[in-house]
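Residue-level structural notes
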Amino acid sequence: MKKIIFATNNPSKIKRFKDKLKENDIELLSLKDMNISLNVLENGNDTIENALIKARECYKITNLPSIGMDDSLYLEGVPDNLQPGLFVRRVNGKTLTDEEMIDYYTNLVKKYGINNKINCKWIYG
């Protein structure tokens, strides 16, 4: 079975892909599985550049095949200065927990949405 390391600290991303890759004889390892701490500056111009930054750094550390993934989020009707974009988990310089993130975006939906609903789109790289 091939082994690939997913260059993310996000357990939900790992969970999303692990079973499907296993069906294709690929074992997806997490940074936690490898006892690796990866903290890179995600300063790319888009999701693909950020994913590559993470994967390349992971490869440098492990010398094993690595994949990266990055997401960006855009909310319809929300001012540009409040758009999460590439910084879905980081708001005002702080990395949000899952609970803080849910509260933050729920408040944006309440403020800018219609009937507590808002259209949004995810862009994956």
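Residues numbered from 1 in each chain as written. Predicted model: local features only at pLDDT ≥ 70, side-chain atom pairs only at ≥ 80, totals over all residues. Heavy atoms only, no water.

Pairs of aromatic rings are described using the distance from one ring centre to the other and the angle between the two planes. Evaluation of the coordinates by the stated rule reveals three aromatic pairs. Between tyrosine 104 and tyrosine 105 the ring centres are 5.1 Å apart and the planes differ by 80°, which places this aromatic pair in the edge-to-face class. On the basis of relative accessible area, tyrosine 105 is assigned to the buried category, the value being 12%. On the basis of an interplanar angle of 15° and a centroid distance of 6.2 Å, the ring pair of tryptophan 122 and tyrosine 124 is categorised as stacked. (Phe/Tyr/Trp six-rings, centres within 6.5 Å; stacked < 30°, edge-to-face > 60°. Buried < 20%, exposed > 50% of the residue type's maximum accessible area, 1.4 Å probe, protein only.)

This brings us to unusual backbone geometry. Backbone geometry at asparagine 63 places phi at a positive 60°, although glycine is not the residue there. Tracing the backbone shows asparagine 63 in the loop between helix 2 (47–62) and strand 3 (66–67). Looking at asparagine 63, the relative accessible area reads 54%, which means it is exposed. Although it is not a glycine, asparagine 115 adopts a positive phi angle of roughly 55°. With respect to the helices, strands and loops of the structure, asparagine 115 is situated in the loop between helix 3 (98–112) and strand 7 (120–124). Looking at asparagine 115, the relative accessible area reads 70%, which means it is exposed. (Helix = DSSP H or I, 4+ residues; strand = E, 2+ residues; numbered from the N terminus.)

Keep in mind these values describe shape, not function.
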